[in-house]
Amino acid sequence: MSKKFVIFGDPVVHSKSPQMQNAGFKHINFDAIYEKFHLVDGNSLKNEFIKNEFSGANITVPHKEKAFLQADVVKGIAQKIEAVNTYVLQNNQVIAYNTDAPGFLKAIQSFGKINKVLILGAGGTAKAISLALQEENVDVTVLNRSKSKLDFFKNHGIKSFSFDDFVNEKFDLVVNSTSAGLKDEELPAPKELLENVLKSSSFAFDCIYGRITPFLVLAKSFHNEIKDGEDMLLYQGVLAFEYFTNTKADNKLVEAMRKGLKGES
Ligand SMILES: NC(=O)c1ccc[n+]([C@@H]2O[C@H](COP(=O)([O-])OP(=O)(O)OC[C@H]3O[C@@H](n4cnc5c(N)ncnc54)[C@H](OP(=O)(O)O)[C@@H]3O)[C@@H](O)[C@H]2O)c1
């Protein structure tokens, strides 16, 4: 019988994970099927996972924190992030991972050595990528619209500001991890503040994928090298795929999954 995998989310209809993971399964002839699972009540996540006999799952907005709480075993950096995006069933136990964090690190490798990063936003993604960077000994600062989410970062020894008390420095890389620009034409912070930051930075990364956001347009106008979130999405998926199938991804598999992600296979 084929193994069954899913992505849990609410909403989940736009997820590209099934086309990406199924392309990977096909590439290595792995007998499995990956589907979308629209889950409204995050508290029933583990029950649904077990009841439906899934071998593995990805978890997306807004259930990553609840997925963390329900897992039997949480591995690696996910213990610090307190949110997971991957479940794997092993010996009747739900093992959980966060692959967003290492996926982001892999995505920014193309920029070369980065020492100092400013992260815009303080949501789930900011938590994952700030801790991933901190583990790599990168100097991280978080800047968010509202102050209420900054305690998590302060508790982990990460400098964090809101717009009114922000102290500008020279950052190598500026990351937009807010949802500004996802479905609108908004910038993630006041324009003047961003201009002051981007005039001395070299690289700009947007976690949003598939479009050049107003943030990336502004960064480019200040001669920053820019990159959208496609590679981040791809690599978090590749790392999850490695856990699902217990195989190591080579370049051909990664490119097969990229084609799947882009709807080209
Ligand atoms: N490429 C990938 O693989 C990948 C993976 C994960 C996420 N993402 C993307 O990353 C983004 C954030 O996801 P998330 O899960 O971290 O979301 P989240 O937990 O809901 O956090 C959203 C953050 O964005 C800020 N924000 C929202 N609208 C804003 C605006 N107009 N101006 C300034 N700040 C604004 C919020 O600030 P307040 O605290 O002030 O509300 C909050 O800090 C989304 O666009 C998502 O699509 C991409």
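Counting starts from 1 at the beginning of each chain's written sequence and moves along it residue by residue. pLDDT decides what is reported in this predicted model: residues at 70 or higher carry local features, side-chain atom pairs at 80 or more are listed and counted, and totals for whole chains, interfaces and linings draw on all residues regardless. Side-chain measures here rest on the full set of heavy atoms in the structure, leaving out hydrogens and waters.

Peer 1: What am I meant to see in the UniProt feature "domain: SDH C-terminal" (unreviewed entry) in the protein here?
Peer 2: The UniProt feature table records "domain: SDH C-terminal" (unreviewed entry) at residues 229-259. Annotation note: span residues 229-259, helix share 81%, strand share 0%, distance between end C-alpha atoms 15 Å. UniProt positions are given in the numbering used here, feature names are shortened, and annotations may be inferred rather than shown by experiment. Under the scheme used here, helices are H or I runs from DSSP no shorter than 4 residues and strands are E runs no shorter than 2 residues, and both carry numbers assigned from the N terminus.

Peer 1: Is there a simple way to think about the pattern of salt bridges in this case?
Peer 2: Side chains that carry opposite charge are capable of pairing whenever their charged atoms lie near each other. The rule for a salt bridge is simple: a side-chain nitrogen of Lys or Arg has to be within 4 Å of a carboxyl oxygen of Asp or Glu. The full count for this structure, using the stated rule, is 17 salt bridges. One salt bridge connects K46 with D72, and the closest N-O pair in it is separated by 2.7 Å. Pair noted here: K46 is in helix 2 (residues 45-51) and D72 is in the loop between helix 3 (64-70) and strand 4 (73-74), with a separation of 26 residues, a long-range link. Relative accessibility thresholds used throughout: buried, under 20% of the residue-type maximum; exposed, over 50%; partly exposed, between the two (1.4 Å probe, protein chains only). A relative accessible area of 23% means that K46 is categorised as partly exposed. Residue D231 pairs with R258 through a salt bridge whose shortest N-O separation is 2.8 Å. Residue D231 is located in helix 10 (residues 230-245), and its partner R258 is located in helix 11 (residues 251-261); the two are separated by 27 residues in the primary sequence. D231 gets classed as buried once you look at its relative accessible area, which sits at 12%.

Peer 1: Just to check I follow, could you spell out the UniProt feature "domain: Quinate/shikimate 5-dehydrogenase/glutamyl-tRNA reductase" (unreviewed entry) in the protein for this structure?
Peer 2: The positions UniProt marks with the feature "domain: Quinate/shikimate 5-dehydrogenase/glutamyl-tRNA reductase" (unreviewed entry) are residues 113-180. Within the segment residues 113-180, helix and strand shares are 25% and 28% respectively, and the terminal C-alpha atoms sit 27 Å apart.

Peer 1: Help me understand the site of the ligand, please; the structure alone is not making it clear to me.
Peer 2: Here a residue counts as near a molecule or strand whenever at least one of its heavy atoms sits within 4 Å of it. Around the ligand, the surrounding shell holds 24 residues, and the nearest of these are T125, N144, S146, K149 and E186. Nitrogen and oxygen atoms within 3.5 Å of one another constitute a polar contact, given that in protein one can donate a hydrogen and the other can accept it, and given that sequence-neighbouring residues count only through two side-chain atoms. Between A122 and the ligand, the recorded distance is 2.9 Å, taken from a backbone N or O atom to an oxygen atom. Mapped by element, the contributors of at least two residues to the shell around the ligand are helix 6 (124-135) and helix 10. Class assignment for the residues of the shell around the ligand results in eleven nonpolar, ten polar and three charged. Residue type decides the class: Asp, Glu, Lys and Arg count as charged, Ala, Val, Leu, Ile, Met, Phe, Trp, Tyr, Cys and Pro as nonpolar, and the leftover types, Gly among them, as polar.

Peer 1: When you look at the side chain of D228 in this model, what are you seeing that I'm missing?
Peer 2: Positionally, D228 belongs in the loop between strand 12 (225-227) and helix 10. Although D228 is buried, it makes no salt bridge; R258 carries the closest opposite charge, 7.4 Å away. In terms of polar contacts, D228 uses its side chain to reach the backbone amide nitrogen of G210, at 3.0 Å. Contact definition: two residues touch when any of their heavy atoms are within 4.5 Å. Excluding residues within four positions of it along the chain, D228 makes contact with F205, D206, I208, Y209, G210, R211 and L216. A residue counts as positive if it is Lys or Arg and as negative if it is Asp or Glu; His and the chain ends are not included.

Peer 1: What is the right way to read unusual backbone geometry from this model?
Peer 2: Glycine aside, negative phi is the norm for most residues, and most peptide bonds take the trans geometry. The linkage connecting D10 with the following residue, P11, adopts the cis geometry, with an omega of 5°. With respect to the helices and strands, the residue P11 is situated in the loop between strand 1 (3-9) and helix 1 (17-27). In the segment running from V61 into P62, the intervening peptide bond is cis, with an omega of 5°. Note on placement: P62 falls in the loop between strand 3 (56-59) and helix 3. Non-glycine residue E82 carries a positive phi angle of around 65°. Within the secondary structure, E82 sits in the loop between helix 4 (78-81) and strand 5 (86-90). Here the phi dihedral of N91 falls at roughly 50°; this positive angle occurs in a residue that is not glycine. One can find N91 in the loop between strand 5 and strand 6 (93-97). Residue class for N91 comes out exposed when judged on its relative accessible area of 75%.

Peer 1: Teacher, can you tell me more about helix 1 here?
Peer 2: Given 3.6 residues to a turn, an α-helix orients residues that are three or four positions apart in the same direction. Looking at helix 1, one finds that the buried residues are S17, P18, M20, Q21, A23, G24 and F25. The elements touched by buried residues of helix 1 are strand 1, strand 2 (32-38), strand 3, helix 10 and helix 11. Positive backbone phi, at 55°, marks N29, one or two positions downstream of helix 1.

Peer 1: Please explain the packing of helix 10 against helix 11 as it appears in this structure.
Peer 2: Between two packed helices, what matters for the description is the angle formed by their axes and the separation of those axes. Here an axis means a line fitted to C-alpha atoms, over the contact stretch when the element is a helix, while the angle between two N-to-C directions is reported on a 0 to 180 degree scale. For the pair helix 10 and helix 11, interaxial distance at closest approach is 10 Å and the crossing angle is 120°. By the angle between their axes, helix 10 is oblique relative to helix 11. Remark: the crossing between helix 10 and helix 11 carries right-handed chirality. Contacts from E230, D231, L233, L234, Y235, G237, V238 and F241 of helix 10 reach helix 11 at L253, V254, M257, R258 and L261. Throughout this description, any angle smaller than 35 degrees is read as roughly parallel, any larger than 145 degrees as roughly antiparallel, any in the 65 to 115 degree range as roughly perpendicular, and the remainder as oblique. Crossing handedness is read from the near helix: turned anticlockwise from the far helix by less than a right angle, it gives a left-handed crossing, and turned clockwise, a right-handed one.

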